[in-house]
Structures are given as structure tokens and as C-alpha cells.
Amino acid sequence: MTQGFDLVEGVAAGLEDRAAAWWFVQDFAEHWVAPLGEDDGWAETDLAAAEDRLGVRLPAALREAYGLFGRRPDLTANHDVLLGPADLRIDEDGKVLVFRAENQGAAAWGVLLDDLHRPDPAVLIETGGTWRPWLDRLSVALVELVLSESLHAPEDRSDHLEPLGDETLHLVEEQYVQLPFPDYPVGSEQPGSRWFAGDDVLLRVDGDAFLYARALTPDALADLRKAFPGDWLDGE
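The sections below set out a description of the structure shown in this document. For every chain, the first residue of its written sequence is number 1, and the numbers climb from 1 along that sequence. Per-residue local features of the predicted model are confined to residues with pLDDT of at least 70, and side-chain atom pairs are confined, for both listing and counting, to 80 or more; whole-chain, interface and lining totals are unaffected and use all residues. Derived side-chain values reflect all non-hydrogen atoms in the structure, with water molecules and hydrogen atoms excluded from consideration.

### As for empty space enclosed by the protein
- Lining residues are those with an atom within 4 Å of a point, where the points come from a 1 Å grid over the protein atoms alone and group into cavities, where a 1.4 Å probe fits but cannot get out, or pockets, open sets with protein on both sides within 12 Å along at least five of seven lines. Grid points are joined across faces, edges and corners, and a volume is the space filled by probe spheres set on the points. Here the structure, examined in full by the defined rule, presents 1 cavity of 30 Å³ or more.
- As for the largest cavity, its lining consists of Gln178, Leu179, Phe181, Pro182, Asp183, Tyr184, Ser193, Arg194 and Trp195.
- The way it works is that DSSP assigns letters per residue, a run of H or I at least four long becomes a helix, a run of E at least two long becomes a strand, and they are numbered from the N terminus. Here the element with the most residues in the lining of the largest cavity is strand 9 (residues 193–198); it accounts for 3 residues.

### Describing helix 3 (residues 44–54)
- Classification of residues uses two cut-offs on accessible area relative to the type maximum, computed with a 1.4 Å probe and protein chains only: under 20% is buried, over 50% is exposed, and between them is partly exposed. Three or more residues of helix 3 are buried, namely Leu47, Ala50, Glu51 and Leu54. Looking straight down helix 3, one finds that the buried residues subtend no more than 100° of arc, so they occupy a single side. Exposed side of helix 3, more than 90 degrees from the buried face: Thr45 and Asp52 are the residues found there.
- By definition in these notes, contact holds between two residues if any of their heavy atoms fall within 4.5 Å. For helix 3, the elements touching its buried residues are helix 4 (60–69), strand 2 (89–90) and strand 3 (96–101). This arc is built from the directions going out from the helix axis to the C-beta atoms.

### Section: the sheet that holds strand 11 (residues 210–215)
- A sheet is described by the order of its strands in space; here 5 strands give the open sequence 7-11-10-9-8, paired in antiparallel fashion. In the strand order of this sheet, the two ends are held by strand 7 (158–161) and strand 8 (177–178), each with one partner.
- In short, DSSP must find at least two bridges between two strands for them to pair. Where strand 8 lies against strand 9, 2 bridges are found, and the strand directions are antiparallel. By the bridge assignment, Val177 is partnered in strand 9 with Ala197.

### Some words on the environment of Trp195
- Looking at the secondary structure, you find Trp195 in strand 9.
- In the structure, Trp195 is positioned 16 residues away from Leu179 in sequence and 5.3 Å away in space, judged by C-alpha atoms.
- A distance of 2.8 Å separates polar atoms of two side chains, one belonging to Trp195 and the other to Tyr184. Any N or O atom pair separated by 3.5 Å or less is treated as a polar contact, with the protein-specific requirement of one donor-capable and one acceptor-capable atom, and with residues adjacent in sequence counted only for side-chain atom pairs.

Written out as C-alpha cells, the structure is:
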């Protein structure tokens with residue numbers, strides 16, 4: 001792990017409450033991406049304008065995240081996109097506030113309008129025209145967003161292995177520490193996503209077929225590819 005920052009301990013602490021989640025994002029940004037700056041969040045005027053346009057009040061968790069790191073695309077928009085305040089929208093049925101969109105329009109994430117009064121409401125995901133539970137707390141979903149977007153960093157620090165294979169999956173489970181994320185998507189009958197960490201490496205296993213990797217350094221990524229040989233998307 002990087003000196004002074006342990007991903008496993010950091011995630012465990014960050015899942016405790018909203019304030020801890022934002023401390024984790026700050027620490028993760030500092031050690032894995034770039035430190036947060038004073039201008040990395042949206043201004044109150046931007047958030048108020050979005051609320052006036054939509055006719056709703058944004059949940060506290062979303063307001064806090066926007067104010068801290070909402071203008072950092074390297075944390076929020078490497079692949080899928082945390083929508084800016086001006087792009088927030090209500091779904092066609094008028095039931096869900098959409099705050100995140102998949103990069104090709106195949107999915108969206110949102111919060112029920114009926115839950116917007118909650119400081120840290122549950123999050124839904126929409127695929128194929130149907131909304132389903134994603135994670136039980138918005139702050140946890142935003143931590144997951146930051147980690148997921150880090151998996152699409154520059155090619156010399158991130159990669160994707162497909163198919164995963166039973167042997168590689170076993171090695172991941174054996175050699176890396178699973179991060180204490182709740183099971184998600186909530187209530188899914190299919191295997192969901194699991195996170196693992198090792199020395200200077202962050203991994204996400206999706207079901208039993210995909211492995212996404214983010215390394216702190218190019219050398220750490222090269223070592224990972226050697227440890228798990230296979231059809232890496234960006235590997236040589």
C-alpha cells in the first residue's frame with residue numbers, strides 16, 4: 001500500500017457515514033490520482049440553479065460530493081459520467097433524479113424523487129428501461145463511482161482482463177484482500193461486483209467473467225499482468 005494510506009482501511013472507514021466517505025475520497029485522490037483543490041467542486045450557485053430548474057432539492061450527500069470533487073473528471077468521468085448540475089435530469093416517468101450516465105447510454109444511475117428528502121438515499125440503476133436497486137446509500141455509490149472511474153486511468157496504469165477464468169479468479173481471492181463493500185447490485189440473483197486490493201493495485205471483479213485493474217505505477221501494472229497472464233485489453 002502507499003505510505004500513509006491503506007485502501008482496505010480507507011474503504012472500511014469511508015463506508016461508515018457520509019463524512020467518512022468524503023475523507024476517503026480526499027485521501028484516495030491525494031495518493032492515487034492528484035490532491036483535491038479549492039476549485040474542484042461546484043459552487044452553491046450552480047447547485048441552486050439546478051434545483052430551481054428541476055424543482056427539487058438535491059440530497060445532502062449529492063450536494064456535498066458536488067461541492068468537494070464534482071468538477072474533477074479524472075475522478076468522476078473517465079468512462080461513465082457524474083453529470084454536472086446543469087445536466088441533471090428527471091427520467092421520462094418523472095420518478096427518478098438521474099445523476100450519472102453510462103458512456104454509451106446503456107445505463108443510468110439515479111435516486112427516487114420520493115427519497116430526495118433523505119440525506120443519503122438509496123441509489124437505483126436503469127438498464128433496458130427498468131430501474132433496479134444499486135446500493136443502499138448514495139455516499140457509498142459515490143465512493144464506488146470514484147473507484148470505478150479510477151479503473152479507466154491512463155493505459156500505463158489500468159487494464160482489463162477478459163475472460164477472467166476460474167484459476168485467475170481463485171488467485172485473486174487468495175492473494176488479494178477483499179474490500180468491505182456491500183454486495184451490489186442490491187438483490188441481484190447474478191454475481192455482482194467485488195473489490196480487492198494489494199500492494200499498489202486495485203482490482204474489481206465483475207461476476208465471474210471480468211477483471212478490471214488499476215495500479216499506482218506502470219511497474220505495478222506490469223507485475224500484475226505477469227502474475228495473471230491472459231488476454232489483457234491493453235497488454236502487449
